[in-house]
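# Commentary on secondary and tertiary structure
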Amino acid sequence: MATSCLAIPLMEEGEGEDIGLEALMALLSVLTPVLAVVLCLVIGFMLVRSRETETTSTPSGKTEGAKKADFRTWVDQDLQDDTEITAKEEEDGDWADSHEEEDLLHVPYSPPRYPEETMLQRSKDLYTLMNQRRSVRFISPEPVPREVIDNVIRTAGTAPSGAHTEPWTFVVVSDPDTKHQIRQIVEEEEEVNYRQRMGDKWVNDLAKLKTNWIKDYLDVAPYLVLVFKQTYGILPNDKKRTHYYNEISVSISCGILLAALQNVGLVTVTSTPLNCGPQLRILLKRPANEKLLMLLPVGYPASDATVPDLKRKPLDDVMVHI
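Residues numbered from 1 in each chain as written. Predicted model: local features only at pLDDT ≥ 70, side-chain atom pairs only at ≥ 80, totals over all residues. Heavy atoms only, no water.

Per an unreviewed UniProt entry, the recorded name for the protein chain is iodotyrosine deiodinase, and the organism is Gymnodraco acuticeps. You can read under Cofactor (unreviewed entry) in the UniProt record for the protein chain the words "FMN". (UniProt positions renumbered as here; feature names shortened; annotations may be inferred.)

Written out as structure tokens, the structure reads:
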């Protein structure tokens, strides 16, 4: 009986492995473009998620504020604390070595010492005087003796300072035209501050004080005292001198200045003219190492002056005795 069979070719040893490898390579050649697309999609998805995380981590108030004032920066470079000199600044100029300065002579110091009863009374008297201090925006145009202002500035200059560098400049303005130019600069920037930069919460907090960007007192006050901090000093040999803690030092001198004004019966309102520093520095011809810290209109209070009926915190809320 004849038998028919299907002839199956026999493979030699190793031939099957070659065919499997060829099939795998063919499969990979097909899948490689797909894998590349998938990899790109994964990377793109990770980048999008990263940006979304950065966006959501930004406070909404800051984002809204940036949108409102994107054409003008809110950051006031003059009011930033810059008590340390960066390495780049040290490279930019010729800085004096502290060893070049002469040693200071130390002399005996013996301030008056009062009996305890006198100390107690003097402490009460000074508190009573300073507790009457208020920020006054209604100032009389009545002239103030120039010598009084000179002595007040001298008193402010007794403040301590880092390494006794005395990093302050007090510019006293009494010229009417210059005062008016200062007012124009301040009011222009202050309007932008109130309308765009400061934000609704800040403006609402100031509403009870009835303040706005109109600064009549800058024209009316007999004197404007602009306090500049010297970010570094310039020695007679044109070398630069580091002014340590210049921001804190000048702030202390401003506090003493307020006490000195109160002591002679004059009034002021402390103002930090935000974003006005560069323009006022140019107007007053101040050098680049000086930055405006505070603007004080100074004079007698107007006859119809009013102030908010504010209360101060009790001692227990501001002092901790250990």
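Here we come to the overall build of the protein chain. Within the protein chain, the secondary structure is distributed over 11 helices and five strands. Looking at the protein chain as a whole, 29% of its 322 residues are labelled buried. Considering only residue pairs separated by 6 or more positions, the protein chain has 84% of its internal contacts joining residues 24 or more positions apart. Here the protein chain has roughly 22800 Å² of accessible surface; of this, 57% comes from carbon and sulfur atoms. (Helix = DSSP H or I, 4+ residues; strand = E, 2+ residues; numbered from the N terminus. Buried < 20%, exposed > 50% of the residue type's maximum accessible area, 1.4 Å probe, protein only. Contact = heavy atoms within 4.5 Å. Areas by Shrake-Rupley, 256 points an atom, 1.4 Å probe, with all protein chains shown as cover.)

Let's shift gears to the packing of aromatic side chains. Tallying each qualifying case throughout the model produces zero aromatic pairs. It is Lys240 that lies over the ring of Tyr232; its NZ or CZ is 4.8 Å from the centre. (Phe/Tyr/Trp six-rings, centres within 6.5 Å; stacked < 30°, edge-to-face > 60°. Lys NZ or Arg CZ within 6 Å of the ring centre and 35° of its normal.)

Below, the discussion takes up the side chain of Gln262. Within the fold, Gln262 resides in helix 9 (residues 246-263). Contact partners of Gln262, with chain neighbours within four places excluded, come to Leu129, Met130, Gln132 and Arg133.

As a further point, take the pairing of strand 5 (residues 290-298). Where burial is concerned, most of strand 5 is hidden: eight out of the nine residues are buried. Taken together, the eight bridges between strand 2 (residues 223-230) and strand 5 define a ladder with antiparallel strand orientation. Looking at strand 5, one finds that Gln230 is bridged to Glu290. (Pairing = 2+ DSSP bridges.)

Let's shift gears to the pattern of salt bridges. Taken as a whole and judged by the stated rule, the model has seven salt bridges. For Arg183, the salt bridge goes to Asp216, with nearest N and O atoms at 2.7 Å. Taken together, the positions of Arg183 in helix 6 (residues 176-197) and Asp216 in the loop between helix 7 (200-207) and helix 8 (217-220) put the pair 33 residues apart, joining distant regions of the chain. Take Arg183: its relative accessible area is 16%, and that puts it in the buried class. For Asp216, a relative accessible area of 42% corresponds to the partly exposed category. Glu247 is the partner of Lys229 in a salt bridge, and the nearest nitrogen-oxygen pair spans 2.3 Å. Of this pair, Lys229 sits in strand 2 while Glu247 sits in helix 9; the two residues are 18 residues apart in sequence, bridging distant segments of the chain. Glu247 matches Lys229 in its accessibility class, with the two residues each being buried. Here the salt bridges do not stand alone but share partners, grouping Arg183, Glu187, Asp216 and Asp219 into one network. (Salt bridge = Lys/Arg side-chain N within 4 Å of Asp/Glu carboxyl O.)

Bringing the nonpolar core into the picture now. The biggest cluster of nonpolar side chains holds 22 residues, and the ones touching the most others in it are Ile149, Phe170, Val225, Val227, Leu257, Leu296 and Val298. Mapped by element, the contributors of at least two residues to this core are helix 5 (146-156), strand 1 (168-173), strand 2, helix 9 and strand 5. Per-element accounting of this core gives the leading share, six residues, to helix 9. The residues touching Leu296, leaving out its near neighbours within four places in the chain, are Tyr223, Leu224, Val225, Leu257, Leu258, Thr268, Val269 and Thr270. By size, the runner-up hydrophobic cluster in this structure holds 20 residues, among which are Tyr217, Leu218, Leu280 and Leu284. (Core = buried A, V, L, I, M, F, W, Y, C linked by side-chain atoms within 4.5 Å.)

The strand order across the open sheet built from three strands is 1-2-5, with neighbouring strands paired in antiparallel fashion. The open sheet terminates on both sides in strands that have one partner only, identified here as strand 1 and strand 5. For this sheet, the mean angle separating the axes of adjacent strands, direction not counted, is 20°. Strands in contact with helix 5 are strand 1, strand 2 and strand 5; relative to strand 1, the strand with the most contacts, it is inclined by about 165°. Packing of helix 9 onto the sheet brings it into contact with strand 1, strand 2 and strand 5, and relative to strand 2 it is tilted by some 155°. (Axes fitted to C-alpha atoms, helices over the stretch in contact; angles between N-to-C directions.)

This part takes up the side chain of Thr169. Mapping Thr169 onto the fold places it in strand 1. Only 2.8 Å separates the side chain of Thr169 from the side chain of Gln230, close enough to count as a polar contact. Setting aside anything within four residues of it in sequence, one finds Thr169 in contact with Leu226, Val227, Phe228, Gln230, Arg286 and Glu290. (Polar contact = N/O pair within 3.5 Å; in protein donor to acceptor, adjacent residues only side chain to side chain.)

This next bit is on helix 5. For helix 5, the full list of buried residues reads Ile149, Val152, Ile153 and Ala156. One side of helix 5 holds all its buried residues, which, seen down the axis, span an arc of 95°. When the buried face of helix 5 is taken as reference, the exposed residues oriented beyond 90 degrees from it are Glu147 and Arg154. For helix 5, the elements touching its buried residues are strand 1, strand 2, helix 9 and strand 5. (Arc of directions from axis to C-beta.)

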